[in-house]
Amino acid sequence: MRILRLRATTHQVVCINNINFQRKSVVGYVELTIFPTVANLNRIKLNSKQCRIYRVRVNDLEAAFIYNDPTLEVCHHESKQRNLNYFSNAYAAAVSAVDPDAGNGELCIKVPSELWKHVDELKVLKVHINFSLDQPKGGLHFVVPNVEGSLAERGAHVFSCGYQNSTRFWFPCVDSYSELCTWKLEYTVDATMVAVSNGDLVETVYTHDMRKKTFHYMLTIPTAASNISLAIGPFEILVDPYMHEVTHFCLPQLLPLLKHTTSYLHEVFEFYEEILTCRYPYSCFKTVFVDEAYVEVAAYASMSIFSTNLLHSAMIIDETPLTRRCLAQALAQQFFGCFISRMSWSDEWVLKGISGYIYGLWMKKTFGVNEYRHWIKEELDKIVVYELKTGGVLLHPIFGGGKDKDNPASHLHFSIKHPHTLSWEYYTMFQCKAHLVMRLIENRISMEFMLQVFNKLLSLASTASSQKFQSHMWSQMLVSTSGFLKSISNVSGKDIQPLIKQWVDQSGVVKFYGSFAFNRKRNVLELEIKQDYTSPGTQKYVGPLKVTVQELDGSFNHTLQIEENSLKHDIPCHSKSRRNKKKKIPLMNGEEVDMDLSAMDADSPLLWIRIDPDMSVLRKVEFEQADFMWQYQLRYERDVVAQEESILALQKFPTPASRLALTDILEQEQCFYRVRIMACFCLAKIANFMVSTWTGPPAMKSLFTRMFCCKSCPNIVKTNNFMNYQSYFLQKTMPVAMALLRDVHNLCPKEVLTFILDLIKYNDNRKNKFSDNYYRAELIDALANSVTPAVSVNNEARTLDNLNPDVRLILEEITRFLNMEKLLPSYRHTITVSCLNAIRILQKNGHVPSDPAVFKSYAEYGHFVDIRIAALEAVVDYTKVDRSYEELQWLLNMVQNDPVPYVRHKILNMLTKNPPFTKNMESPLCNEALVDQLWKLMNSGTSHDWRLRCGAVDLYFTLFGLSRPSCLPLPELGLVLNLKEKKAVLNPTIIPEAGASGPEPPNNPNNLGQIVGFQSTDDDHIAKEAAVIPLPHQQGLKRKADTPLGSPLEPGQILEKNEDSKVKLKIRFSNSQEEEEIDMDTVHDSQAFIYHHLNMLERPSTPGKEQSSQELSMLPIPVPTLPGFTKESSSSKHSDHHHHHKKKKKKHKHKHKHKHKHDTKEKEKEPFTFSNSPASGRSIRSPSLSD
């Protein structure tokens, strides 16, 4: 799908010549080199949000422009209706109205008429825009610590951030992934600061007074504006010792950590270059570690911005693999995502899929096959749970003619037509599904062919990128779904269309239920596989399915063909049942082992059965087999996924045999550590089921003592030695699992608690070369797990004196740890985080008074982010349990005002996951004020951050659902829109009597401002148009959309003008003689909305002249003239007052704000004054206007 463009940007200069950290402001200009691709290009649309535009020049001629951002406020009207269905449609329309892929934008520049001839010859245009940015709420994030010292000493820095294409937040551009151009970037900063941006640093020039310097970057590889980034701060600089073209930047005093953290990066480079048989595409690579990062990893062309919390020293074990994974992810996206961009949003899955897939290959090489398979299983489980919960994730949304019927994801509460309307959780799941589907394609065509396809895409792109002056060639650097599939069929010769149709073009996962019987006579395994494809989020699977059967004579693979309705499959067995012959049993990997076969069924040779062992279908499998088969599978199957599946299954079989199998796994050194960790928790569950028959010491205690305690004194733990990572992870986890054990009275056994307290008491890390902060944090989690609900004696108040002695010991430990943290903080404050969680658990179990004060103090800005999130989680939980309106208000206030974007996002996320109430509940918290507050938040309060707005929409949906919140009174407005049935009906709450009429105001056509048509070619005639919403006349309520346009008002309507210069329309209902006010802005917007949804409006054409179709498509509904946009004749007529309005340019979706004059007297006074900031969305800065 090629996007039709009226122009092509080939080069862009961005120059930021002033950055003020105190005021958090930026001043600069951009210059775009534009080639018209059609003759009559007279308007240029660009993206720009929250920037104040001062002047625009095209080829050094002043140009008029309009700035209009419909996403600032999504619904400007219909104050009574609070329904999410309506909001989502309006939001999707607002985003599309400024979508650069559709040729739209917030900034519309009129090409000066002197240049029209120039344009018709398709000659180049240079557009020069001066802009400034004041206290940006998104796109650029300033971090200015409130401490003593100069800016550099305080570590003040600023960096660009955002979700998907968010570059428009900090400079005007064509903010699309499919519009490539070359870049020249200049930043003037204080002499103590460093500016890091994309491409090669050409030079650094100091000013005469040596107080400032300018960094000049050149990016010669064509790149989308969305992949341009910036970071400015007093960074310490490290050139990578292994690869000199790689540079790392971090905040002051973190250099030692930076050295250790990035020391591994060159190996990732080598790996990717080797498998892709292709050089890294850019001439340099920069990593910048910043504080208060928007996401942990953000990849941009030739640079990546990371969270400074990923930095760690050589003493830290747990963070190391996580940080390396982040580095590898960022580098994978350099190839696919930055260098190769996408044609349109519906091709995003290809980029996310390929980068996720090659990252998975890196993981397999670095951490081993077990870790890789575990990760694939984890990702598969996540996507299955999410799709079954929400109804599906669609990778390749194809949109038809724009009608709502074509909405491919009608089960969701948001539109998937655009990345900016997606829920954040949906987007993470989308990325997860994309790389899983790439893996399915690899299963189908082989890894060798897969890598050849990637190599082909990269080599085409790098050939194209070197064509400096042939921008038509650059489209080779954009990947599309069809192009990607074509490459696959060319390289492999295989048809993968069915696979694409199943997983890419439709949403949903497969749900299998399996069971079997062994037919001894025929020596056949009768396998029955059912599918559930009716519940939401599921789909029907037809195709091959692999089944692995482990028999006495070895392991055998069978491929079944799943047909439309075949359920039963007969699989011949290879071995006869033979219990008496002692012979080793061959396993899948060729190993031969001795097994104790006494547990198995005498008649059957089957040891265990696995369905789809390679996870080559996105599926959930529920398979029934006997407990002894699960136990054999756990003990002898060598695949970690199979072992994890059997551990989950054994939770349902609490028998001594299960206990034995799990204990054996725990003791096996060769077993993968994650399997052993899972076995700990499973063993604790089984022990609690078997509590009455359990013999010997508590589960895992003797094993722990044997592995980690002194031989002479078993209750004292050895000094820590974490050299063996496997046993380190086991040592951390076992106490946490043991604390879940319960005795007959459902309390934690006394000896377990004493054991955990002893571990804390005798913990000694002096001889260990690694930090034990994660281990100690887990010991606190273990204490928290041992807490059980308090038994209250005749409702006495909880005081320290009457605390349960065990709980008192726990509380003392937590307090001691918290005090120690104040003096000697641990890495990432893991211990404080665990203590806060433990205090909340004590509160919930009724041991200490439930009080959010301690959490609120820890949640304040200034604490480390992990502490804040843990504290906020506790407050969210308190809000739910105690139904506290005050705390809910405190949280929502924080969502609006907290300085850190990530924290604001997390609060909404946590409230959505653990909501104070849901849509079907009666709750004292659910009231009109809350609905209004959340509506305001998502409607206009979060316009600067797409992710935050979508988070607010998610929360609104969780609390109130799609339709109107139940706590609101019935709407009093006469008109109710029924979106489902696509019709407007009179609200049954108001049925006025027929023939109502109030006093008719005098008709004075002169007292109304004229509306002037905004025509595309001829601006010299005036269009007066009024559109009527036909409503049943006999019911006495008739509304004209543009009533005050020189026509008499309807009976019962009075036109009023209030102080804030909005025109209000009062409608009198005769039966009650009450006046219902309708905001005129509201009427206009409702009109556009109703027209779009109901196709009820008829537009008369301009009197005296037939409009050309092009003019009609330009603007079907009239818009006030803007000075500087019309030919002189009309602009001089109306230049005495300006109409400010919001405009949405999208076929038949228009929202207008007209400000009408009401009194001739007032006309003589002064023209209206409005705030001149573009953030209000209403300002028009054009040369013909005085400031």
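This structure is a prediction, so every number in the text was calculated from the model and none was measured.

1. As for the overall build of the protein chain
When helices and strands are tallied, the protein chain shows 32 helices and 38 strands. Going through the 1187 residues of the protein chain one by one, you find that 57% of them count as buried. In the protein chain, the share of contacts with a sequence separation of at least 24, taken over all contacts with a separation of at least 6, comes to 70%. Working note: accessible area of the protein chain is about 49,200 Å², and carbon and sulfur atoms make up 52% of it.

2. A word on the sheet that holds strand β27 (residues 568–572)
Strand pairing in a sheet relies on backbone hydrogen bonds, with the paired strands running either antiparallel or parallel. Strand order in the open sheet formed by four strands is β27-β24-β23-β31, and the pairing between neighbours is mixed. Unpaired on one side and paired on the other, β27 and β31 (619–623) mark the two borders of the sheet. The average undirected angle you get between the axes of adjacent strands in this sheet is 25°. Inspection of the sheet shows strand β23 (residues 510–519) paired to strand β24 (residues 524–531) by eight bridges, in the antiparallel sense. Note on β24: the bridge partner recorded for tyrosine 513 is lysine 530.

3. A short note on the sheet that holds strand β16 (residues 236–239)
One open sheet holds the five strands; their spatial order is β16-β17-β18-β20-β19, and the pairing between them is mixed. A strand with exactly one partner marks an edge of an open sheet, and here the two such strands are β16 and β19 (297–300). Across the sheet, the axes of successive neighbouring strands diverge by a mean angle of 15°, strand direction being ignored. Pairing geometry for strand β18 (residues 285–290) and strand β20 (residues 303–307), over five bridges, is parallel.

4. Regarding helix α6 (residues 319–335)
Spanning 17 residues, α6 covers 25 Å between terminal C-alpha atoms, matching the ideal 24 Å at 1.5 Å per step. Taken across its 17 residues, α6 has 13 buried, putting it largely inside the fold. Downstream of α6 by one or two residues, glycine 337 has phi in the positive range, about 140°.

5. Digging into the environment of alanine 952
Here alanine 952 shows up in helix α28 (residues 946–960). Setting aside its immediate chain neighbours within four residues, alanine 952 contacts Leu908, Leu937 and Met938.

6. Things to note about the packing of aromatic side chains
This structure, assessed with the given rule, holds 48 aromatic pairs. An angle of 75° between the planes, with centres 6.2 Å apart, marks the rings of tyrosine 272 and phenylalanine 335 as edge-to-face. Of the two residues, tyrosine 272 is situated in helix α5 (residues 265–276) and phenylalanine 335 in helix α6; the sequence distance between them amounts to 63 residues. A relative accessible area of 0% places tyrosine 272 in the buried class. Assessed through its relative accessible area of 1%, phenylalanine 335 is described here as buried. Site record: aromatic cluster; members linked through ring pairs are Phe269, Phe271, Tyr272, Tyr280, Tyr282, Phe285, Phe335 and Phe339. In this structure, arginine 324 is placed above the aromatic ring of tyrosine 264, and the distance from its NZ or CZ to the ring centre is 4.2 Å. A cation sits over an aromatic face here: arginine 947 above tryptophan 424, 5.0 Å from the ring centre.

7. Considering the nonpolar core
Most often, soluble globular proteins have nonpolar side chains that are buried together. Ranked by size, the top nonpolar core spans 331 residues in total, and within it Ile109, Tyr272, Phe336, Trp349, Ile441, Phe454 and Phe484 carry the most contacts. Of all the elements, helix α9 (residues 424–445) adds the most residues to this core, at 12 residues. Leave out the neighbours within four places in its chain, and phenylalanine 454 touches Leu276, Phe336, Ile354, Tyr357, Ile358 and Phe484.

8. Examining the side chain of serine 48
Summarising the element assignment, serine 48 is placed in the loop between β3 (43–46) and β4 (52–58). Residues in contact with serine 48, not counting those within four places in the same chain, are Ile53, Tyr67, Glu106, Arg168 and Pro172.

9. Considering α5
If you check α5, its first and last C-alpha atoms are 17 Å apart, about what 12 residues at 1.5 Å a residue would give, namely 16 Å. On its buried face, α5 is in contact with β17 (246–250), α4 (255–262), β18, α6, α7 (348–367) and α10 (447–465). In the segment just after α5, threonine 277 is the residue with positive phi, at about 40°.

10. Brief notes about unusual backbone geometry
At leucine 122, a residue that is not glycine, the phi angle is positive and equals roughly 55°. The residue leucine 122 is located in the loop between α2 (116–120) and β8 (125–134) in this model. A positive phi is found at asparagine 746, a non-glycine position, where the angle reads about 65°. Counting through the fold element by element, asparagine 746 comes out in the loop between α18 (725–738) and α19 (750–761).

11. Considering a nonpolar patch on the surface
Side chains of Met820, Leu823 and Leu824 sit close together on the surface and give an oily, nonpolar patch of about 340 Å² of accessible area. Take methionine 820: it is sitting in helix α21 (residues 805–823).

12. Quick look at the confidence of the model for the protein chain
Predicted confidence across the protein chain gives a mean pLDDT of 84, with 79% of residues reaching 70 or more. Taken as a whole, residues 401–406 scores under 50 in pLDDT and shows five contacts with residues more than four places along the chain or in a different chain. Here residues 985–1187 is modelled with pLDDT under 50, and outside its nearest four sequence neighbours on either side it reaches 379 contacts, counting other chains as well.

13. Some words on the environment of aspartate 532
Mapped onto the elements of the fold, aspartate 532 is located in the loop between β24 and β25 (543–551). Classification of aspartate 532 as buried rests on a relative accessible area of 14%. C-alpha of aspartate 532 to C-alpha of tyrosine 513: the two residues are 19 residues apart in sequence and 7.9 Å apart in space. Not counting residues within four places of it along the chain, the set of residues in contact with aspartate 532 comprises Lys511, Tyr513 and Thr538. At 3.1 Å, the side chain of aspartate 532 and the backbone nitrogen of threonine 534 are in polar contact.

14. With respect to the pairing of strand β30 (residues 606–611)
Taken across its six residues, β30 has six buried, putting it largely inside the fold. Taken together, the five bridges between β25 and β30 define a ladder with antiparallel strand orientation. In the strand pairing of β30, glutamine 550 is matched with tryptophan 608.

15. Structural notes on the pairing of β16
The side chains of a regular strand alternate between the sheet's two faces. Where β16 meets β17, four bridges bridge the pair, whose relative direction is antiparallel. When the sheet's bridge partners are listed, glutamate 236 is paired in β17 with cysteine 250. Hairpin geometry of β16 and β17 is characterised by an intervening segment of six residues between the two adjacent antiparallel strands.

16. Quick notes on the packing of helix α8 (residues 369–390) against helix α14 (residues 640–650)
Each packed pair of helices is defined by two parameters, the angle between the axes and the distance between the axes. It is the contact of α8 with α14, at a shortest axis distance of 9 Å, that shows an interaxial angle of 50°. With respect to α14, the element α8 is oriented oblique. For the pair α8 and α14, contact is made by Asn370, Arg373, His374 and Lys377 and by Val640, Val641, Glu644, Glu645 and Leu648, respectively. Residue composition of the contact of α8 with α14, grouped by class: three nonpolar, two polar and four charged.

17. Some thoughts on the pattern of salt bridges
Taken as a whole, this structure holds 46 salt bridges when the rule is applied. Between aspartate 866 and arginine 828 there is a salt bridge; the shortest N-O distance is 3.1 Å. On the criterion of sequence distance, the pair formed by aspartate 866 in helix α24 (residues 865–882) and arginine 828 in the loop between α21 and α22 (830–844) is long-range, its members being 38 residues apart. A relative accessible area of 24% places aspartate 866 in the partly exposed class.

18. Digging into the environment of valine 848
Note that valine 848 resides in the loop between α22 and α23 (853–858). For valine 848, a relative accessible area of 15% puts it in the buried group. Sequence separation between valine 848 and threonine 799 is 49 residues; the distance between their C-alpha atoms is 7.8 Å. In this structure valine 848 touches Leu811, Ile839, Leu842 and Gln843, once residues within four positions along its chain are discounted.

What counts as what
- Residues numbered from 1 in each chain as written.
- Predicted model: local features only at pLDDT ≥ 70, side-chain atom pairs only at ≥ 80, totals over all residues.
- Heavy atoms only, no water.
- Helix = DSSP H or I, 4+ residues; strand = E, 2+ residues; numbered from the N terminus.
- Buried < 20%, exposed > 50% of the residue type's maximum accessible area, 1.4 Å probe, protein only.
- Contact = heavy atoms within 4.5 Å.
- Areas by Shrake-Rupley, 256 points an atom, 1.4 Å probe, with all protein chains shown as cover.
- Pairing = 2+ DSSP bridges.
- Axes fitted to C-alpha atoms, helices over the stretch in contact; angles between N-to-C directions.
- Expected span 1.5 Å × (residues − 1).
- Phe/Tyr/Trp six-rings, centres within 6.5 Å; stacked < 30°, edge-to-face > 60°.
- Lys NZ or Arg CZ within 6 Å of the ring centre and 35° of its normal.
- Core = buried A, V, L, I, M, F, W, Y, C linked by side-chain atoms within 4.5 Å.
- Patch = residues over 30% accessible without salt bridge, like charges linked within 9 Å, V, L, I, M, F, W, Y side chains within 5 Å.
- Salt bridge = Lys/Arg side-chain N within 4 Å of Asp/Glu carboxyl O.
- pLDDT = per-residue confidence, 0-100.
- Polar contact = N/O pair within 3.5 Å; in protein donor to acceptor, adjacent residues only side chain to side chain.
- Parallel < 35°, antiparallel > 145°, perpendicular 65-115°, else oblique.
- Nonpolar A, V, L, I, M, F, W, Y, C, P; charged D, E, K, R; others polar.

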